[in-house]
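Secondary and tertiary structure notes
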Number of protein chains: 2
Amino acid sequence: MPSEHKADNGGIRRKKILETAAKVICEKGYEGTSIHDIAEAAGLTKAGLYHHIRSKEHLLLEIMNYGMDVFEEQVLNQVVAIADPLERLKCCMEKNILLVTHGWSKEVIIILHEHATLHGQARTQINARKKRYVRFLETSFAEAIRAQRIRPVHPKVAAFAFLGMVLWIYKWFRPDGQVSEGELVKEMENIFFGGLERRKQR
Amino acid sequence: MPSEHKADNGGIRRKKILETAAKVICEKGYEGTSIHDIAEAAGLTKAGLYHHIRSKEHLLLEIMNYGMDVFEEQVLNQVVAIADPLERLKCCMEKNILLVTHGWSKEVIIILHEHATLHGQARTQINARKKRYVRFLETSFAEAIRAQRIRPVHPKVAAFAFLGMVLWIYKWFRPDGQVSEGELVKEMENIFFGGLERRKQR
């Protein structure tokens, strides 16, 4: 068997292990999940699993990095080049909502939920990737204010208000619930950018 | 010693144990915290701690109920009687933000974070208390729409957008950071109720 073919199979196998582990950790929490649970779910022995991973914490780091890859590919990279800052922010909200509502993004849920579990360098690495997103939002809000596309607000509060609204969705949204994905995007954009309070007629 | 006095001391002792346990669980996560950790932090032996609690899961339920008591006392009960639905919602946002920013509310953080840890009846009980708040918000938004105090929006999405913005604060806000509590309240109210996008001049 050519080594390239082996590497490909290894990559697919690895991705499958990360996705399986993410599913188990989502259900039981990181601390409540044992290596045995993950091995069993992946159809491997513990020794077999350790052939693919270094440690439970390193596996968590890999899941988070995989989740950040998916996020950057499907959200950040899609909108970063949009010239108008308000359009950029609106498009970013839409893409991020859809990433959270898509049930397969267990890796994203782990990033959101297991915020304090990593230590040392691993924690620094993931935090740096998260901070890149916060800075992108802050910069876009500041730019939108300068361009008079939005009213003056504190860019940091605006960035975290945006994130709170969008990322909290994983806690309550159900695909078979009374609100559709499309409605959710439209309504959230409306609430956040349009404002709720009625203006007095002049 | 009169039994009333004993009961009072027991109540204070119990509250102290709940607060200590909440602090430990906040730091290490529920699954990562052992009964031994909690006993040690509370200055008790394991047997001594079991004199006060039934089980680790029952302790978590008690912490959550205590957190919901604090929330209802400091937020919900303060605003529920405000006649104007928009004023009610604004005041509710302010009170809830201050509850989250006050560092002592570890019990509230546990309610927010350990959402999937309780089982059976205990889970049903806490979920019912949480749902009461969501229903209060939905009803207030619906009322504000009917009274034409806000634009028409989906009350469920508005309720969870409100909750996401406000409850996410525990993940990023630091009392010694660049945004003060007062600014946070003002800016969030401004963003959520006032809307960001500039209106075209007529």
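See above for the structure.
What comes next concerns the included structure. Only a predicted model underlies this, so the values are computations on that prediction, with no experimental measurement involved.

About the thresholds
- Residues numbered from 1 in each chain as written.
- Chains lettered and ligands numbered in written order.
- Predicted model: local features only at pLDDT ≥ 70, side-chain atom pairs only at ≥ 80, totals over all residues.
- Heavy atoms only, no water.
- Helix = DSSP H or I, 4+ residues; strand = E, 2+ residues; numbered from the N terminus.
- Contact = heavy atoms within 4.5 Å.
- Areas by Shrake-Rupley, 256 points an atom, 1.4 Å probe, with all protein chains shown as cover.
- Least-squares fit on C-alpha atoms with pLDDT ≥ 70 in both.
- Salt bridge = Lys/Arg side-chain N within 4 Å of Asp/Glu carboxyl O.
- Polar contact = N/O pair within 3.5 Å; in protein donor to acceptor, adjacent residues only side chain to side chain.
- Nonpolar A, V, L, I, M, F, W, Y, C, P; charged D, E, K, R; others polar.
- Axes fitted to C-alpha atoms, helices over the stretch in contact; angles between N-to-C directions.
- Parallel < 35°, antiparallel > 145°, perpendicular 65-115°, else oblique.
- Left-handed = near helix turned anticlockwise from the far one by under 90°.

Structural notes on the overall build of chain A
For chain A, the helix and strand inventory stands at 10 helices and zero strands. Sequence-ordered secondary structure for chain A, helices as α and strands as β, is α-α-α-α-α-α-α-α-α-α. A fraction of 70% describes how many contacts in chain A between residues 6 or more apart in sequence connect residues 24 or more apart. Carbon and sulfur atoms form 50% of the exposed surface of chain A, whose accessible area is close to 10200 Å².

A closer look at the relation of the copies chain B and chain A
Mapping chain B onto chain A calls for a rotation angle of 180 degrees and an axial translation of 0.0 Å; the resulting RMSD is 0.0 Å. In the structure described here, the two chain copies are related by an operation that fits a two-fold rotation axis. The fraction of interface residues of chain B whose copies in chain A are also interface residues reaches 100%, indicating that both copies meet through the same surface.

As for the interface of chain B and chain A
By a frequent convention, interface size equals the accessible area lost on bringing the separate parts together. With 46 residues of chain B at the contact, the number on the chain A side is 46 residues. Counting the contacts that link chain B with chain A gives zero salt bridges. Along the contact surface separating chain B from chain A lie four residue pairs in polar contact (both at pLDDT 80 or more). Broken down by class, the residue content of the side of chain B that touches chain A amounts to 22 nonpolar, 11 polar and 13 charged.

Some thoughts on the packing of helix H5 (residues 85–101) of chain B against helix H10 (residues 181–194) of chain B
Residues and elements named next belong to chain B. For the pair H5 and H10, interaxial distance at closest approach is 10 Å and the crossing angle is 140 degrees. As summarised for this structure, H5 and H10 are arranged oblique, according to the angle between their axes. Of the two possible hands of crossing, H5 and H10 adopt the one that is right-handed. Contacts from Leu86, Leu89, Lys90, Met93, Glu94, Ile97, Leu98 and Thr101 of H5 reach H10 at Glu181, Leu184, Val185, Met188, Glu189, Phe192 and Phe193. Among the residues forming the contact of H5 with H10, the class breakdown is 10 nonpolar, one polar and four charged.

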